[in-house]
There are 2 protein chains.
Amino acid sequence: VDDLTLSDYVKRSKDRILGSLVDWLTIPSISADPAHAGDVGASAEFCADLLRSAGIQNVETLSAGGVPAVYGDWLGAGSMAPTVLVYGHHDVQPVDPLDEWTSPPFEPVVEGGRLLARGASDDKGQVMMQIEAARGLLGALGHLPVNLKFLIEGEEEVGSPHLDELLDKDRGRLAADVIVVSDSNMLAPDLPTTTISTRGLVAFDVTIRTAKSDLHSGIWGGTVPNAALVAARLAASLHDSDHRVTVPGFYQRVRELTRQEAQSLADTPFDEIEFCRQAGVKELVGEAGRSPYERTGTRPTAEVVGLHSGYGGPGMKTIVPATANLKIAARLVPEQSTEEVEASFCQWLSEQAPSYAEVSVKTVGGVAPLLTPIDHPAVRILCEAMENVWGKKPLFTRSGGSGPEEGLGRILEAPVIFLGVGLPEDNYHAPNERLELEQLWKGITAAGELVLGLRAVKDN
Amino acid sequence: VDDLTLSDYVKRSKDRILGSLVDWLTIPSISADPAHAGDVGASAEFCADLLRSAGIQNVETLSAGGVPAVYGDWLGAGSMAPTVLVYGHHDVQPVDPLDEWTSPPFEPVVEGGRLLARGASDDKGQVMMQIEAARGLLGALGHLPVNLKFLIEGEEEVGSPHLDELLDKDRGRLAADVIVVSDSNMLAPDLPTTTISTRGLVAFDVTIRTAKSDLHSGIWGGTVPNAALVAARLAASLHDSDHRVTVPGFYQRVRELTRQEAQSLADTPFDEIEFCRQAGVKELVGEAGRSPYERTGTRPTAEVVGLHSGYGGPGMKTIVPATANLKIAARLVPEQSTEEVEASFCQWLSEQAPSYAEVSVKTVGGVAPLLTPIDHPAVRILCEAMENVWGKKPLFTRSGGSGPEEGLGRILEAPVIFLGVGLPEDNYHAPNERLELEQLWKGITAAGELVLGLRAVKDN
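Bear in mind that the values here come from a model prediction, so they are computed numbers and not experimental data.

Asker: Is there a simple way to explain the overall build of chain A in this structure?
Answerer: Each helix and strand in chain A was counted, giving 13 helices and 18 strands. Here the C-alpha atoms of chain A give a radius of gyration of 24 Å, agreeing with the 23 Å that 2.2 N^0.38 yields for 460 residues. In terms of its C-alpha atoms, chain A occupies a principal-axis envelope of roughly 85 × 45 × 45 Å. Across the 460 residues that make up chain A, the buried fraction comes to 59%. Long-range pairs, those at least 24 residues apart, make up 80% of the contacts in chain A between residues at least 6 apart in sequence. Roughly 17200 Å² of accessible area belongs to chain A as shown, and the carbon and sulfur atoms make up 50% of that amount. Placing the 39 positive and 64 negative side-chain charges of chain A at their respective mean positions leaves the two points 3 Å apart.

Asker: Would you take a moment to explain unusual backbone geometry for this structure?
Answerer: Leaving glycine out, the prevailing phi sign among residues is negative, and the prevailing peptide bond configuration is trans. Between A:D96 and A:P97 the backbone carries a cis peptide bond, its omega angle lying at -10°. Relative to the assigned elements, A:P97 resides in the loop between β3 (83-89) and β4 (109-111). Non-glycine residue B:N427 carries a positive phi angle of around 55°. Relative to the helices and strands, B:N427 resides in the loop between β17 (416-418) and β18 (434-436). Among the residues examined, B:N427 registers a relative accessible area of 27% and is labelled partly exposed.

Asker: Quick question: what am I supposed to make of the confidence of the model for chain A here?
Answerer: Regions with low pLDDT should not have their predicted coordinates read in detail. Averaged over all residues, the pLDDT of chain A equals 94, while 99% of them reach at least 70. Confidence estimates for the predicted assembly give a pTM of 0.85 and an ipTM of 0.85.

Asker: I tried to follow the relation of the copies chain B and chain A on my own but got confused; where do I start?
Answerer: Two copies of a chain can be linked by a rotation about an axis combined with a shift along that same axis. Of the transformation superimposing chain B on chain A, the axial component is 0.0 Å and the angular component is 180°, with the fit at an RMSD of 0.1 Å. On this basis, the relationship between the two copies can be described by a two-fold rotation axis. Counting the interface residues of chain B, we find that 100% of their copies in chain A are interface residues as well, pointing to one common contact surface.

Asker: Could you clarify how one ought to interpret the interface of chain B and chain A in this entry?
Answerer: Frequently, the measure chosen for interface size is the accessible area removed from exposure when the parts meet. Contacts between the two partners involve 73 residues from chain B and, on the opposite side, 73 residues from chain A. Of the roughly 5700 Å² buried between chain B and chain A on both sides combined, carbon and sulfur atoms contribute 58%. On the chain B side of the interface with chain A, the three residues burying the most area are B:T223, B:V305 and B:M316, jointly 11% of the side's total. Remark: the boundary between chain B and chain A carries zero salt bridges. In this structure, the connection of chain B to chain A is made through 35 residue pairs in polar contact (both at pLDDT 80 or more). The dominant element in the side of chain B that touches chain A, judged by the number of residues it contributes, is strand β11 (residues 301-310) of chain B, at nine residues. Residue classes in the side of chain B that touches chain A are distributed as 33 nonpolar, 26 polar and 14 charged.

Asker: Looking at this structure, how should I read the side chain of B:Q130?
Answerer: All names here are of chain B. Its location among the elements puts Q130 in helix α3 (residues 124-141). At 2.8 Å, the side chain of Q130 and the side chain of S182 are in polar contact. Residue contacts for Q130: discarding those within four places in its chain leaves V86, F150, V180, S182, L419 and A447.

Asker: Would you explain the packing of helix α3 (residues 124-141) of chain A against helix α13 (residues 437-453) of chain A in this entry?
Answerer: Each pair of packed helices can be described by the angle between their axes along with the distance between the axes. Residue and element names in this part refer to chain A. Where α3 contacts α13, the axes come no closer than 8 Å and their chain directions differ by 55°. Of the possible angle classes, the one that applies to α3 and α13 is oblique. For α3 against α13, the interelement crossing comes out right-handed. For the pair α3 and α13, the contacting residues are G125, M129, Q130, E132, A133, L137 and L141 in the first and L440, G443, I444, A447, G448, V451 and L452 in the second. Residues that form the contact of α3 with α13 fall into these classes: nine nonpolar, four polar and one charged.

Asker: I'm lost on the sheet that holds strand β7 (residues 178-181) of chain B in this one. Help?
Answerer: Across a sheet, paired strands are connected by hydrogen bonds in the backbone, their directions being either parallel or antiparallel. Residue and element names in this part refer to chain B. One open sheet holds the six strands; their spatial order is β1-β2-β6-β3-β7-β17, and the pairing between them is mixed. In this open sheet, the two edge strands, each paired with only one partner strand, are β1 (57-62) and β17. In this sheet, adjacent strand axes meet at a mean angle of 20° when their direction is disregarded. Bridging between β1 and strand β2 (residues 69-74) involves four bridges; their strand directions are antiparallel. Its bridge partner being in β2, L62 is matched across the sheet by A69. Across the sheet, α3 touches β2, β3 (83-89), β6 (147-153) and β7, and the angle it forms with β6 is around 160°. The strands touched by helix α12 (residues 405-412) within the sheet are β3, β6, β7 and β17, with β7 carrying the most contacts at an inclination of about 170°.

Asker: Looking at this structure, how should I read the pairing of strand β13 (residues 323-332) of chain B?
Answerer: The side chains of a regular strand alternate between the sheet's two faces. Residues and elements named next belong to chain B. The buried fraction of β13 amounts to nine of the ten residues, a majority that puts the element mostly inside the structure. Looking at chain direction, β11 and β13 are connected through eight bridges and run antiparallel. Counted as the bridge partner of G306 is K327 from β13.

Asker: Mind showing me how you'd approach the sheet that holds β4(A) here?
Answerer: All names here are of chain A. An order of β4-β5-β18 is seen for the three strands of this open sheet, with the pairing classed as antiparallel. Strands with a single pairing partner mark the edges of an open sheet, and in this sheet they are β4 and β18 (434-436). Each neighbouring strand pair of the sheet contributes to a mean axis angle of 25°, computed without reference to strand direction. Pairing geometry for strand β5 (residues 114-116) and β18, over three bridges, is antiparallel. Within β18, the residue paired with L116 across the bridge is R434. Strands β4, β5 and β18 of the sheet are contacted by α13, whose axis makes an angle of about 60° with β18.

Conventions adopted
Residues numbered from 1 in each chain as written. Chains lettered and ligands numbered in written order. Predicted model: local features only at pLDDT ≥ 70, side-chain atom pairs only at ≥ 80, totals over all residues. Heavy atoms only, no water. Helix = DSSP H or I, 4+ residues; strand = E, 2+ residues; numbered from the N terminus. Rg over C-alpha atoms; globule rule 2.2 N^0.38 Å. Buried < 20%, exposed > 50% of the residue type's maximum accessible area, 1.4 Å probe, protein only. Contact = heavy atoms within 4.5 Å. Areas by Shrake-Rupley, 256 points an atom, 1.4 Å probe, with all protein chains shown as cover. Lys, Arg positive; Asp, Glu negative; His and termini not counted. Charge placed at Lys NZ, Arg CZ, Asp CG, Glu CD. pLDDT = per-residue confidence, 0-100. Least-squares fit on C-alpha atoms with pLDDT ≥ 70 in both. Buried area = accessible area lost by both parts, 1.4 Å probe. Salt bridge = Lys/Arg side-chain N within 4 Å of Asp/Glu carboxyl O. Polar contact = N/O pair within 3.5 Å; in protein donor to acceptor, adjacent residues only side chain to side chain. Nonpolar A, V, L, I, M, F, W, Y, C, P; charged D, E, K, R; others polar. Axes fitted to C-alpha atoms, helices over the stretch in contact; angles between N-to-C directions. Parallel < 35°, antiparallel > 145°, perpendicular 65-115°, else oblique. Left-handed = near helix turned anticlockwise from the far one by under 90°. Pairing = 2+ DSSP bridges.

As structure tokens, this is what we get:
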């Protein structure tokens, strides 16, 4: 079995694979909407059938109180062979605003080599890619050189609230030497890239009170504290004029990039006009002396995600607001810890808060940053597989987001590598989500090559 | 007719006056609530009947598109005598939160010498005071030494939206040499005070946009502009560390107090602990080097009355907000003009707004500040009447609020003087509004004395 065998398999199977993916995409498995709970269940069943038909065994649904994840494995390589766990998800994002879709989100259509549907790229298409690679190899070889496990989650789009618990509970069955995640993208079809980190996340819900109730701005205005102003000053003092976070100790654990990491980032092409257009902004703003990719991938941030105080309706009300709510979300990079950042933030807040205000803070969530060790043999094997298929050595990129990957790596104690074939223009989470079919076909070959290559991961 | 005659009249009439006021207070004339439009009309009729029965003539309702105001006059003093216009209002504030009332707001009860009901002090009780003074004088003398006009508005509690138009339209009929407003308070029952100014008001509704839509804080956070932060920085930069407004030119027209004004303010007793308790705040905050009464009465302010951006619900959402709304209300003092302050604010805003944000501003309202010239003979006559009744020369206070008085003085081109007998603990606009009956009885005598004294206002 080699490249040719796999790409030949893909060529012969395109119609069947596309038909099967289209069927799956008609199921509106929106995990955020309780009205679609039945659909998420149906999607899990569909996925389980796909795995079974591909030759994967022990297929069942796992759940830790939430929506079912689908598990399946093929363990015929024996205990001396490496074990690979493939992670993806079968739930999808909501579809609002529906009127911006050019075709109904759950009636997939192919246009210009692209498949349009909610979930096409995020993440049913990429899960299909992994299942079809296994099917192709098992069909050609009758066996695999590694033990292969699948964990296809059903709650990724709502923050994977039960995943850590599930991983913890089923740690033995899910154990692996390497975890392959297919739920990410590369920068362009001719620019293979692989993610090597995701940022951590810890958020703070700050409540401010300066008076028993809102006060009349005529009678009291000018001599009583104003909660909106306290919140605004806190938010405004969160960054200095270089857009660096002012919380003492915030950057303490952040290490500078290695030469190899910096070089890979510097080699990544960047089109500022296109980037601004995609974001819908006039200009980029961020930490001084850092490039946009450095800022989103390698640097921690503290964003004000909400600030609400006083009157917000039409016209005006003449009050001095008594309360304010300020929400701040910090994205962390290796080797920051959520606990240390939380402690630093709370300390900063208590120092910043004026004596006339009652300020309380609730910490929300807490996801640690993930960094794939780029000198791990699995990374080299992934790069070789991608280079064979796309013709170029992939660059390393860093995801600014915070996903379930950190929990996978931490709880299962294995490196996480990313084979993602989505593209920036795939409209993740937005109307008109799409999948470039050529990426899917190439991805199946690459995923198959990766499985073959990973047989050597234990020897390195 | 002298003090004794008037106070004897009050003594004889207490039961009747109280009974009549109680009847009026059972009418829930809440102008803010369209469901009570009929009640506001009934209250106007009740007021008209009161005026007629007191001997006031030409009673009718005036309206400029809104809820009816009640007009009445007694013009028997002849064209050589001065004309006095009494202003008050018969509409009342809403009653929420209803469960904090110790008795139903429209079922008046007398407890410990106080009448509890919505409108008891603001303003039906004070209007009753003026009508009963006229009734007492007309009963004793058969005539008055001045021409007396009443204008009792029905929309004061919703910002007098039609008053200026009404004044303008009926300028001839409403013409007066002095305007007496009874819709204010004194600092304590043993501390007679009279208001000599109200602040102006101009407000700004600022809209900020930094992106086409909210952005994912993982993917974009750290390198795109944040509308919440832009709003917070604008709000935070509105004052310097001395709590002075930073808008260039904001204080340009503000003149320092005269020696007499400053002395009167310095003589006004101030209990900071009680003041904080009434406001429900831990500490007072405001312009450095100014006392609380200076800040609320004699200094302009710019208060953030609302700031809303991004996610405000429970928990967290990981977005970079694309839009923000910032509402700022400025209170002005003589001789600031709303137009100049508006121009200064807009200039400041355009200079502060970063290039990556679209910032637009809508000016809301515009009330000029009012200052009664304290050397006007009407002020001396008012002070004598109050000293006769309360036994002390009244101090001059300045109201921080912005009322219809400015329009009265400006359009009718007459000085506005304030005979107000409310007290700070009367719970204006709050649950358990009340009127100290002793203040009402004294107020009737003082109002009668004032009418008698004002016969001399033209000669001075």
